[in-house]
Amino acid sequence: MQDLFEAVVRAGLPGLGYQDILNHLLAPLVSSQSANIHKQAYHSMAKCVAALTLTHPSEAVGVVNRFLMDVTNPRSPTVQSFSLLAIGEIGKHIDLSSIPQLKDAVVASFSSPSEEVKSAASYALGHLSCGNLQEYLPFVLSEIEANPKRQYLLLHSLKEIISLQSKSPEGVKVLQGFVNDIWTQLFRHTECVEEGTRNVVAECLGKLTLINPSALLPKLQESLKTDSPMMRTTIVTAIKFTISDQPSAIDSLLRHSIGDFLSTLQDPDLNVRRVALVAFNSAAHNKPSLVRDLLDTILPQLYNETKVRKELIREVEMGPFKHTVDDGLDIRKAAFECMYTLLETCLDRVDIYVFLEHVEGGLRDHYDIKMLTYLMLTRLAHLCPQAVLQRLERLVEPLRTTVTTKVKANSVKQEYEKQDELKRSAMRAVAALLTISDADKNPQLSDFVAHIKSTPELQSLFDSIQRDACPTHDAMMDLS
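Residues numbered from 1 in each chain as written. Predicted model: local features only at pLDDT ≥ 70, side-chain atom pairs only at ≥ 80, totals over all residues. Heavy atoms only, no water.

Overview of the overall build of the protein chain
Per the secondary structure count, the protein chain includes 25 helices and two strands. Expressed along its principal axes, the backbone C-alpha trace of the protein chain runs to roughly 80 × 55 × 55 Å. Within the protein chain, the fraction of its 480 residues that count as buried is 49%. Pairs at least 24 residues apart make up 72% of the contacts formed inside the protein chain by residues separated by at least 6 positions. When the accessible surface of the protein chain is split by element, carbon and sulfur atoms take 52% of a total near 22900 Å². If the 49 positive side-chain charges of the protein chain are averaged to one point and the 58 negative ones to another, these points end up 2 Å apart. (Helix = DSSP H or I, 4+ residues; strand = E, 2+ residues; numbered from the N terminus. Buried < 20%, exposed > 50% of the residue type's maximum accessible area, 1.4 Å probe, protein only. Contact = heavy atoms within 4.5 Å. Areas by Shrake-Rupley, 256 points an atom, 1.4 Å probe, with all protein chains shown as cover. Lys, Arg positive; Asp, Glu negative; His and termini not counted. Charge placed at Lys NZ, Arg CZ, Asp CG, Glu CD.)

As for the packing of aromatic side chains
Any aromatic ring pair is given by two values, namely how distant the centres are and how the planes are angled relative to each other. According to the stated counting rule, one finds three aromatic pairs in the structure shown. What links up through ring pairs into an aromatic cluster is the set Tyr42, Phe67 and Phe82. Lying over the aromatic face of Tyr136, Lys103 brings its terminal NZ or CZ to 5.5 Å of the ring centre. Its end group placed over the ring of Phe139, Lys103 keeps NZ or CZ at 4.8 Å from the ring centre. (Phe/Tyr/Trp six-rings, centres within 6.5 Å; stacked < 30°, edge-to-face > 60°. Lys NZ or Arg CZ within 6 Å of the ring centre and 35° of its normal.)

What about the pattern of salt bridges?
Applying the stated criterion across every chain yields a total of 32 salt bridges. One salt bridge in this structure joins Glu89 and Lys92, with 3.4 Å as the shortest N-O distance. Linking Glu89 with Lys92, this pair stays in helix α5 (residues 77-93), spanning three residues, or about one helical turn. On the basis of relative accessible area, Glu89 is assigned to the buried category, the value being 2%. Residue Lys92 is classed as partly exposed on the basis of its relative accessible area, which comes to 23%. Between Arg349 and Asp293 there is a salt bridge, and its shortest N-O distance comes to 3.2 Å. (Salt bridge = Lys/Arg side-chain N within 4 Å of Asp/Glu carboxyl O.)

Quick notes on unusual backbone geometry
Unlike most non-glycine residues, Asp438 shows phi in positive territory, near 75°. With respect to the helices, strands and loops of the structure, Asp438 is situated in the loop between α23 (413-433) and α24 (443-453). Note on Asp438: relative accessible area 39%, which makes it partly exposed.

Description of the nonpolar core
Note that soluble globular proteins tend to have their nonpolar side chains buried in a common cluster. By size, the foremost hydrophobic cluster in this structure holds 154 residues, and its most contacted members are Phe82, Leu102, Leu158, Ile182, Phe355 and Leu399. Per element, the largest residue contribution to this core is 10 residues, and it comes from helix α18 (residues 329-345). Excluding anything up to four places from it in sequence, Ile182 contacts Leu137, Leu141, Leu158, Ile162, Leu175 and Leu208. (Core = buried A, V, L, I, M, F, W, Y, C linked by side-chain atoms within 4.5 Å.)

Considering the environment of Ser114
Its place among the elements puts Ser114 in the loop between α6 (102-108) and α7 (115-129). For the pair Ser114 and Ser31, spaced 83 residues apart in sequence, the C-alpha separation works out to 21 Å.

Some remarks on the pairing of strand β2 (residues 321-326)
In the sheet, strand β1 (residues 313-318) pairs with β2 via six bridges, with the strands oriented antiparallel. Among the inter-strand pairings, Glu317 is bridged to a residue of β2, identified as Lys322. (Pairing = 2+ DSSP bridges.)

Topic: helix α8 (residues 133-146)
In this model α8 runs 19 Å from its N-terminal to its C-terminal C-alpha over 14 residues, within 8% of the 20 Å that 1.5 Å per residue would give. Looking at α8, one finds that the buried residues are Leu133, Tyr136, Leu137, Phe139, Val140, Leu141, Glu143 and Ile144. Close packing links the buried residues of α8 with α6, α7, α9 (151-165), α10 (169-176) and α11 (179-187). (Expected span 1.5 Å × (residues − 1).)

Some remarks on the packing of α7 against α9
For the pair α7 and α9, interaxial distance at closest approach is 8 Å and the crossing angle is 40°. By the angle class used here, α7 and α9 are oblique. In this structure, α7 crosses over α9, and the sense of that crossing is right-handed. Of the residues in α9, those touching α7 at Lys118, Ser119, Ser122, Tyr123, Leu125, Gly126, His127 and Ser129 are Leu153, Leu154, His156, Ser157, Glu160, Ile161 and Leu164. The residue makeup of the contact of α7 with α9, split by class, is six nonpolar, seven polar and two charged. (Axes fitted to C-alpha atoms, helices over the stretch in contact; angles between N-to-C directions. Parallel < 35°, antiparallel > 145°, perpendicular 65-115°, else oblique. Left-handed = near helix turned anticlockwise from the far one by under 90°. Nonpolar A, V, L, I, M, F, W, Y, C, P; charged D, E, K, R; others polar.)

What about α23?
In an α-helix, one full turn covers 3.6 residues, which means residues spaced three or four apart are oriented alike. Along its 21 residues, α23 runs 30 Å from first to last C-alpha, staying within 8% of the 30 Å computed at 1.5 Å per residue. For α23, the full list of buried residues reads Gln419, Leu422, Lys423, Ser425, Ala426, Met427, Ala429, Val430, Ala431, Ala432 and Leu433. Tucked into the core, α23 has its buried residues touching α20 (367-383), α21 (385-390), α22 (392-404), α24 and α25 (456-468).

Description of the side chain of Lys287
As for its position among the elements, Lys287 is in the loop between α16 (270-286) and α17 (295-304). For Lys287, the side chain forms a polar contact with the main-chain oxygen of Ser244, separated by 3.0 Å. Not counting residues up to four positions away in its chain, the partners in contact with Lys287 are Ile243, Ser244, Gln246, Pro247, Ser248, Asp251 and Ser282. (Polar contact = N/O pair within 3.5 Å; in protein donor to acceptor, adjacent residues only side chain to side chain.)

A short note on the environment of Ile161
Mapping Ile161 onto the fold places it in helix α9. Beyond its immediate stretch of four places on either side in the chain, Ile161 contacts Gly126, Ser129, Cys130, Leu133, Leu137, Val140 and Leu175.

Topic: the state of the cysteines
Counted according to the given criterion, the structure contains zero disulfides. For the unlinked cysteine Cys48, the closest cysteine sulfur is that of Cys130, found at 20 Å. Looking at Cys204, it has no disulfide partner, and the nearest cysteine sulfur is the one in Cys130, 12 Å off. (Disulfide = S-S within 2.5 Å.)

Here we look at the pairing of β1
Burial of β1 is sparse: only zero of the six residues sit out of reach of the surface. Remark: two residues form the turn of the hairpin made by β1 and β2, two consecutive strands paired antiparallel; Gly319 in that turn has positive phi of roughly 65°.

What follows is the structure, given as structure tokens:
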């Protein structure tokens, strides 16, 4: 669409000039139907406005001043956020530093009560910084330091700058002169209490490392020695952002160092181990060659994290009720997600019988983990039918428990819905098991299927699942 609008304006057709099309593009903002426009459409409209403006660069300052009025005196949060997006998209290509009040107006929008406006302001500051890095980047870095309350949004602006500049050799060349200053500023926030902020810092560090891997990857590696668990989680998360499914200059360096980063799977801190699993999952999914030779060491550590740990389960009082909290659930989920990924990318390096033991444990675990293991069982029935056949008795029993469990009469609607979804997923796994040759001769499975067929409610559900069971084993799930 951007190319089309640009071509139409350059063609100089009557009634389809720059101002004509601009007015058409902006018309939905003030129409009675504006509330029905999806927020993602505003991003697309802003990009098209910028494409139009690039055909008439002399109009840029005028049109940005028009949007600036809607930023400083907003008619609505929607118009304000769109105006910020449009300023950012234009400023990415055209230097707007000559508009003196622009910087302050964008930063002032960080204080808006609307989350959409704050997000658009962060996006705008990052984008317009790329139009004049010398002017804006030092300002963004100093604002990160001076405004703790705006830190999260400012770090998002910095992430936009790094991402945009990294897209071209010219952009990387300009950014190179600021890498040390950015790195220093980011490291000041690697121990931030807010996990969301640490995640943005980690993404910035990872993307920055890709610009100069030979200099920056060793710095990340060295930082693993810190005594701070929070810094270790940030460093390990940063590594996730250096791994992509495309060939990259960092790959050969990562191949030699990723073992050090994944050694944090043995870290004493629970959160460090969880993010190490997430990083391992990303590598196994996007670039399995990085981790295939490490699996003999990693798999025992991975399997260890699939176990329920009683010491991580506690009771919390909520008024008159007691509520059970499992602090180990997130790390178990991360471990099972890694197992699912390994089925797709490294199955030839996995002892399938050991693998199945841990799948069996997952079939008795929490709702989220059961749902994952039902998917895994469906895949395994197609990938390793004979191994599954040998373990059928032990796999059928927890499936039967789930399918025959009844929700307590006084349960809330959500409990009924969750149990229904568990039943459906468990039955999909049963349908997959029945596709294995000779599975129907297994007494436990035959008895379970007979029970399903003798229970009208279960029979009806099972029939609908079997009707829908077109190639479910081809439906891949991206857990990276």
